[in-house]
Amino acid sequence: MEKIHEFIGNLLDQKGITDIEEDARQHLIEDMTELLMQQIDRAAIDSLSEEKAIELANGLDDGSIKQEDVPKFMMDAGLNLEEISMITMLQFRDLYLGVTQAPEEEGEAVAEAANEGNN
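Everything numeric in this text was worked out from a predicted model, so none of it was measured. (Residues numbered from 1 in each chain as written. Predicted model: local features only at pLDDT ≥ 70, side-chain atom pairs only at ≥ 80, totals over all residues. Heavy atoms only, no water.)

Student: Is there a simple way to think about the overall build of the protein chain in this case?
Tutor: Of the regular secondary structure elements, the protein chain holds 6 helices and 0 strands. Counting over 119 residues, the protein chain shows a buried share of 29%. Within the protein chain, contacts between residues at least 6 apart in sequence are counted, and of these 65% link residues at least 24 apart. For the protein chain, the computed accessible surface area is about 7,900 Å², with 50% contributed by carbon and sulfur atoms. (Helix = DSSP H or I, 4+ residues; strand = E, 2+ residues; numbered from the N terminus. Buried < 20%, exposed > 50% of the residue type's maximum accessible area, 1.4 Å probe, protein only. Contact = heavy atoms within 4.5 Å. Areas by Shrake-Rupley, 256 points an atom, 1.4 Å probe, with all protein chains shown as cover.)

Student: Please explain the packing of helix α2 (residues 22-47) against helix α5 (residues 81-97) as it appears in this structure.
Tutor: Helix-helix packing: each pair is described by the crossing angle between the helix axes and the interaxial distance. Remark: α2 packs on α5, axes separated minimally by 9 Å, with the N-to-C direction vectors making an angle of 130°. Classified by the interaxial angle, the pair formed by α2 and α5 is oblique. For the pair α2 and α5, the sense of crossing is right-handed. Residues Met 32, Leu 35, Leu 36, Gln 39, Ile 40, Ala 43, Ala 44 and Ser 47 of α2 form the contact with α5, whose own contacting residues are Leu 81, Ile 84, Ser 85, Thr 88, Met 89, Phe 92 and Tyr 96. (Axes fitted to C-alpha atoms, helices over the stretch in contact; angles between N-to-C directions. Parallel < 35°, antiparallel > 145°, perpendicular 65-115°, else oblique. Left-handed = near helix turned anticlockwise from the far one by under 90°.)

Student: I'm lost on α2 in this one. Help?
Tutor: The α-helix advances 3.6 residues per turn, and as a result positions three or four apart in sequence lie on the same side. In a regular helix each residue adds 1.5 Å, so 26 residues correspond to 38 Å; α2 covers 37 Å between its end C-alpha atoms and thus fits that length. Residues of α2 that are buried include every one of Arg 25, Ile 29, Met 32, Thr 33, Leu 36, Ile 40, Ala 43, Ala 44 and Ser 47, and no others. (Expected span 1.5 Å × (residues − 1).)

Student: Is there a simple way to explain the packing of aromatic side chains in this structure?
Tutor: Any aromatic ring pair is given by two values, namely how distant the centres are and how the planes are angled relative to each other. Enumeration over the complete set of coordinates arrives at 0 aromatic pairs. Its guanidinium or amino end placed over the ring of Tyr 96, Lys 15 lies 5.3 Å from that ring's centre, counting from NZ or CZ. (Phe/Tyr/Trp six-rings, centres within 6.5 Å; stacked < 30°, edge-to-face > 60°. Lys NZ or Arg CZ within 6 Å of the ring centre and 35° of its normal.)

Student: Got a minute to help me understand the pattern of salt bridges in this structure?
Tutor: Close approach of charged atoms lets side chains of opposite charge pair. Scanning the entire structure with this criterion turns up 4 salt bridges. The residue Lys 52 makes a salt bridge to Glu 55 at a minimum N-O spacing of 3.3 Å. With Lys 52 and Glu 55 both in helix α3 (residues 50-62), this residue pair falls 3 residues apart, about one helical turn. For Glu 55, a relative accessible area of 38% puts it in the partly exposed group. (Salt bridge = Lys/Arg side-chain N within 4 Å of Asp/Glu carboxyl O.)

Student: Any chance you could explain the nonpolar core here in plain terms?
Tutor: Nonpolar side chains in soluble globular proteins tend to be buried together. Grouped together as the largest cluster of nonpolar side chains are 11 residues: Ile 4, Phe 7, Ile 8, Leu 11, Leu 12, Ile 29, Met 32, Leu 36, Ile 40, Met 89 and Phe 92. Of all the secondary-structure elements, those providing two or more residues to this core are α1 (2-15), α2 and α5. Here this core gets 5 residues from one element, more than from any other, and that element is α1. Not counting residues within four places of it along the chain, the set of residues in contact with Ile 4 comprises Thr 33, Leu 36, Met 37 and Met 89. Within the second largest apolar cluster, 10 residues are counted, among which are Ala 43, Ala 44, Ile 65 and Val 70. (Core = buried A, V, L, I, M, F, W, Y, C linked by side-chain atoms within 4.5 Å.)

Here's what the structure looks like:
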């Protein structure tokens, strides 16, 4: 998580948000980190096959898959979580700094990364 906080701190610096109180900066970093983690989770889930997504949802609902087991489930499903995370972080950075792609291109990039992990 420290690397994510460092990444977000660097984004704030690049955006020119450097003259705020340390408490406010830390709060902003925490909020942005939570948002980024949600986007990474969403990208990983979107990269699952429909069959695996249903299996994950059912497992979480019935308790056969615990929240802490989700990363292992995703890796066992053949996803390259590191690559999905990196692509999502880069997209987050581009969006935050105002350098954006079309949404369909973003989805294709994440899907390609997931498929490369399956090969």
